[in-house]
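# Commentary on secondary and tertiary structure
Here is how the chains run, residue by residue.
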Amino acid sequence: MRVTRISRARTRAAVALSVAALAAGATTGTGPAVAQPRAAAPAAADCSAAYRIEQKLAGGTTWRMCWRYDSKAGLVLDDVSYQPKGEAKPIKVLNSARLGQIHVPYDDGSVEYDDLTGFGFAQGLMNLAPGECPGGTIKTVKVPDAWDPRHPNVKGLCTTTRTRGHAYRMQGDSATKVYQTQGKDLLVYTVNQVGWYEYISEWRFQDDGTITMNVGATGSLSYEDYDAGDGRGWPIGKGAKAHATSHSHNVFWRLDFGLDGSSRTKIEQYDSTVTAPARGQEAPTARTTRTKVTKELAGDYKTYRWWRVVSATGKNKDGHARSYEIVPGTTTRYPGRSYTRHDVYFTQYDKCEQFASNNTGNCPAGAGKSVDKWVNGQTLTHPVVWMNVGFHHIARDEDQQPMPVHWQGFSIAPRDVTAMNPLTPDQLSWQNGHWQPRS
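All figures in this text were calculated on a predicted structure; none of them were measured in a lab.

Bringing the overall build of the chain into the picture now. For the chain, the helix and strand inventory stands at 2 helices and 21 strands. Among the 439 residues that make up the chain, the fraction classed as buried is 51%. Considering only contacts in the chain between residues 6 or more positions apart, those separated by 24 or more positions represent 65%. Carbon and sulfur atoms provide 50% of the accessible area of the chain, an area that totals close to 20500 Å².

Take a look at the structure:
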């Protein structure tokens, strides 16, 4: 779980020293300056070579982005774009992407943590061995406000590629012809230690344009923390003498979209209703309606509900507006705090709104310290997306030792960004829209 009560106090003291250092000095690691989103799409990631990530995958798609390291959020990815085969220039997707908070309340009410802003998440960046980044490159990160100022450099950022399995498979018009390809991903990740936990912050950039964000919690159950105050923790070890305290991991991500180089993106919500078959029909009917989200929103998933972020300026070769659909992952919504009671928040961009809870962004007095307080009716002209994915961790014997990774996350998938599947084989590229077999 966490560290012991005494160890917690020591760690909190170290965090307090770090906060004092922040007040007196820099807040971000060495890297590209944080620029406000620009109106025009860049030809390539706008940063020096040391902080640029560029990878062409086997299917022909090239991903480009800049990275930097924040003193609270850890890894930040800026100016994220992808260029599928057949596109003349990169397609801008995100101005920036990063974690927005890891909120960890314990079931017995004894403690509650905001790991990013209150428990030294960024300073806990771990060195990675070559075997942890197979076939890739480990970059050195200068950690701001490092616990040991004499050794701020950590070999802690892995970039590599990985096969994910079938990207598609289709039997052709002849029994001997099969179209199939194995999809490839660019992986970018760090490992950050907080107490007994180690968080793997993973970003997957697929060759079809999908981006998947995951946080995996691993490390160790604290051997001194089997003291569930409410007596309801799970027994670990022989008999039922020691009970590991159950708790939640509520992970927030902060995504600032810049589709086609413009921050003036639009939000749309889609809901479908299914009705019983009418007389004369063989099956139920489904009707989908679109709602334009023009003001800030705290949204909740429902069956047949989804959202997309729509470009205000760009269209694909078919003339359809480019967009990205938000694809939820498995979640357990935590009802204990107002800011964790919703699955997604769309807020108007404000540079002070940096973290979903225990915000340290120097907002004006009365603005509130959590994302739910920022949903106050502003018109969305530059929306920021906050995703909340929860996991309720009830420990088990198999969590020791070490603890297997448990993952939580979500994806954003291209919707009409390209006119066809960006991995379409050349032999099928003519089959766009309504087509008829060739003679």
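What follows deals with unusual backbone geometry. Look at the link from Gln400 to Gln401: it is a cis peptide, with omega at -5 degrees. Counting through the fold element by element, Gln401 comes out in the loop between β20 (383-393) and β21 (403-415). With omega at 15 degrees, the peptide bond leading from Gln401 into Pro402 counts as cis. Structurally, Pro402 is set in the loop between β20 and β21. Positioned with a positive phi, Asp145 is a non-glycine residue whose angle comes to about 55 degrees. Checked against the element boundaries, Asp145 lands in the loop between β6 (137-142) and β7 (153-171). By relative accessible area, which is 18% here, Asp145 ends up buried. With a phi angle near 70 degrees, Asp416 is a residue other than glycine that sits in the positive phi range. Counting through the fold element by element, Asp416 comes out in the segment after β21. Assessed through its relative accessible area of 32%, Asp416 is described here as partly exposed.

The sheet built from 10 strands is open, its strands ordered β6-β7-β8-β9-β10-β21-β18-β17-β14-β15 with antiparallel pairing. Two strands bound the open sheet, and with one partner strand each, they are β6 and β15 (285-293). Along the sheet, successive strands turn relative to each other by an average axial angle of 25 degrees, direction set aside. For strand β10 (residues 211-219) and β21, the ladder comprises 8 bridges, and the chain directions are antiparallel. Of the residues in β21, the one forming a bridge with Ile211 is Ile412.

A word on the nonpolar core. One broad rule of soluble globular proteins: the nonpolar side chains tend to lie buried together. By size, the foremost hydrophobic cluster in this structure holds 74 residues, and its most contacted members are Trp63, Trp203, Phe205, Leu255 and Ile412. Looking at which element gives the most residues to this core, the answer is strand β4 (residues 91-105), with 7 residues. With near-sequence residues (within four places) excluded, Trp203 lies in contact with Leu75, Leu77, Ala97, Arg98, Leu99, Leu186, Leu187, Val188, Thr212, Met213, Trp253 and Leu255. Judged by nonpolar contacts, the second largest core, of 8 residues, contains Val371, Trp374, Val384 and Trp386.

Let's shift gears to the side chain of His247. Position of His247 relative to the elements: it lies in strand β13 (residues 247-257). Given the relative accessible area of 0%, His247 is considered buried. A distance of 2.8 Å separates polar atoms of two side chains, one belonging to His247 and the other to Tyr197.

What follows concerns the pairing of strand β17 (residues 305-315). Sheet analysis places strand β14 (residues 266-275) next to β17, joined by 6 bridges and oriented antiparallel. Note that in β17 the partner of Tyr270 across the bridge is Trp306. Here β17 pairs with strand β18 (residues 321-327) via 4 bridges, running antiparallel. Looking across to β18, one finds that Arg308 is bridged to Glu325. Here β17 folds back onto β18 in antiparallel fashion, the turn holding 5 residues, of which Gly319 has a positive phi close to 85 degrees.

Here we take up the pattern of salt bridges. Within this structure, the stated rule accounts for 20 salt bridges. In this structure, Asp185 engages Arg204 in a salt bridge whose closest nitrogen and oxygen atoms are separated by 3.1 Å. Of this pair, Asp185 sits in strand β8 (residues 178-194) while Arg204 sits in strand β9 (residues 197-206); the two residues are 19 residues apart in sequence, bridging distant segments of the chain. You'll find Asp185 and Arg204 in the same group, each marked buried. Close ionic contact of Arg308 with Glu268 constitutes a salt bridge, the shortest N to O distance being 2.9 Å. Of this pair, Arg308 sits in strand β17 while Glu268 sits in strand β14, and the two are 40 residues apart along the sequence. Exposure remark for Glu268: the relative accessible area of 5% places this residue in the buried category.

So, on to the packing of aromatic side chains. Here the structure, examined in full by the defined rule, presents 13 aromatic pairs. Aromatic side chains Tyr51 and Trp67 sit 4.8 Å apart centroid to centroid with 50 degrees between the ring planes, which places their arrangement in the tilted category. Here the residue Tyr51 occupies a position in the loop between α1 (5-24) and β1 (52-56), and Trp67 occupies one in strand β2 (residues 62-70), the gap between them amounting to 16 residues. Exposure class is identical for Tyr51 and Trp67. Each is buried. Each residue in the set Trp63, Tyr82 and Phe205 is aromatic and connected to the rest through ring pairs, giving one cluster.

Attention now moves to the state of the cysteines. Scanning the entire structure with this criterion turns up 3 disulfides. Put simply, Cys47 and Cys66 are joined by a disulfide, and their sulfur atoms are 2.2 Å apart. On the sign convention where negative means left-handed, the S-S torsion of about -100 degrees between Cys47 and Cys66 marks this disulfide as left-handed. Linking Cys47 in the loop between α1 and β1 with Cys66 in strand β2, this pair joins segments that are 19 residues apart in sequence. Paired by a disulfide, Cys133 and Cys158 hold their sulfur atoms 2.0 Å apart.

What counts, and at which threshold
Just so you know, the residues in each chain are numbered from 1, in the order the chain's sequence is written. Local features in this predicted model are restricted to residues of pLDDT 70 or higher, and side-chain atom pairs are both shown and tallied only at a pLDDT of 80 or more, whereas totals for entire chains, interfaces and linings draw on every residue. Excluded from the side-chain calculations are hydrogens and water; all other atoms, namely the structure's heavy atoms, are used. A helix here means a DSSP run of H or I that spans at least four residues, while a strand means a run of E at least two residues long, and both kinds are numbered starting from the N terminus. Residue exposure (1.4 Å probe, protein chains only): buried if accessible area is under 20% of the type maximum, exposed if over 50%, otherwise partly exposed. Between two residues, a contact is recorded if the distance between any of their heavy atoms is within 4.5 Å. Values of accessible area rely on a 1.4 Å probe in the Shrake-Rupley scheme; residue burial ignores everything except the protein chains shown. A pair of strands is considered paired only if DSSP assigns at least 2 bridges between the two. Working convention: axes come from line fits to C-alpha atoms, limited for helices to the stretch in contact. Angles between N-to-C directions cover 0 to 180 degrees. What makes a nonpolar core is a set of buried Ala, Val, Leu, Ile, Met, Phe, Trp, Tyr and Cys residues whose side-chain atoms join them at distances within 4.5 Å. Think of a polar contact as two N or O atoms within 3.5 Å of one another; within protein, one of them needs to be a possible hydrogen donor and the other a possible acceptor, and neighboring residues in sequence only count if both atoms come from side chains. Should a side-chain nitrogen of Lys or Arg be within 4 Å of a carboxyl oxygen of Asp or Glu, the pair is scored as a salt bridge. Any two of the Phe, Tyr and Trp rings considered here, Trp counted by its six-membered ring, make a pair once their centres fall within 6.5 Å; the pair's planes then place it as stacked at under 30 degrees, edge-to-face at over 60, or tilted in between. Disulfide assignment relies on a single distance test, namely cysteine sulfur atoms paired within 2.5 Å.

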